[in-house]
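Structural overview
Okay, here's what each chain looks like letter by letter:
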Amino acid sequence: MRTRTKIYAAALGMATTGALVLSSGGASGHGYTDLPVSRQKLCQNGSVSNCGSIQWEPQSVEGPKGFPGGGAADGQICSGNNTRFAQLDSPKTPGGGAWPTTRVSGGQSYTFRWQFTARHATTDFKYYVTKQGWNQNHNLARSDLNLTPFLTVPYNNQQPPATLSHSGALPSGLSGHHVIVAVWTIADTANAFYACSDVTF
Ligand SMILES: [Cu+2]
């Protein structure tokens, strides 16, 4: 009897594990920004090394939605609350250097681009940028950001194409190194995807 119970419990455990694997597999395709190039993409393409597992899955920076009222926590915004991707949160690369930046011009239109490995029904895309004088020596937090998005692209619960570009004006009045936080909010789950891109104005 004891043994049977144990076997049953083990089988149940396996079934539960299997179901979890399946359900995370079902949502495993996701997306990331490559224009301006995001930290996860820099890790994936080898521009930044020793990033850990994010290099194999730049599309997986998935966390709770609702930013900035909810969503990813301060200090974990760039990893979307995923401690296994903590390298993305650090103000320095794993090698201790500065994150490579993309040069952009304030007040000019910029074409943002996402690459998707699963085309989830989408609420919207929102873009935030750091304030002038932000603290570049700690993991990115809300206090560093202008919490009003400079660009919002509503998507009406539609599925994006595999590659999606959209344009909007970058804010003016910024100079030097900044971080753009792109948030892709999924319509039919509790989640959003986060991508931090380092830029130089
Ligand atoms: Cu997904």
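No experiment lies behind these values; they were computed from the predicted model shown.

Now for the overall build of the chain. Broken down by element type, the chain carries two helices and nine strands. The secondary structure elements of the chain, listed N-terminal to C-terminal, are α-β-α-β-β-β-β-β-β-β-β. The burial tally for the chain puts 43% of its 201 residues in the buried class. Accessible surface, the chain as shown: approximately 9,700 Å² in total, 52% of it carbon and sulfur.

With that settled, the discussion passes to the side chain of S197. Relative to the helices and strands, S197 is located in strand β9 (residues 191-200). S197 gets classed as buried once you look at its relative accessible area, which sits at 2%. A distance of 2.9 Å separates a polar atom in the side chain of S197 from the backbone oxygen of P36.

Residues of strand β7 (residues 163-169) alternate between two faces, with L164, H166 and G168 buried on one and T163, S165, S167 and A169 left unburied on the opposite face. Judged from the seven bridges that link them, strand β4 (residues 109-116) and β7 form a sheet pairing that is antiparallel. What sits directly across from F112, in β7, is H166.

Reading guide: rules and limits
Numbering of residues begins from 1 in every chain and follows the order in which that chain's sequence is written. At least 70 in pLDDT is required for a residue's local features to be given in this predicted model, at least 80 for side-chain atom pairs to be given and counted, and no such filter applies to totals for whole chains, interfaces and linings, which use all residues. Computation of side-chain values: all heavy atoms of the structure, hydrogens and water removed. The way it works is that DSSP assigns letters per residue, a run of H or I at least four long becomes a helix, a run of E at least two long becomes a strand, and they are numbered from the N terminus. Each residue is assigned to one of three classes by its accessible area relative to the maximum for its type, calculated with a 1.4 Å probe on protein chains only: buried under 20%, partly exposed between the two thresholds, exposed over 50%. Using a 1.4 Å probe, the Shrake-Rupley method yields the accessible areas, and only the shown protein chains count as cover for residues. Any N or O atom pair separated by 3.5 Å or less is treated as a polar contact, with the protein-specific requirement of one donor-capable and one acceptor-capable atom, and with residues adjacent in sequence counted only for side-chain atom pairs. Two strands pair if DSSP finds at least two bridges between them.

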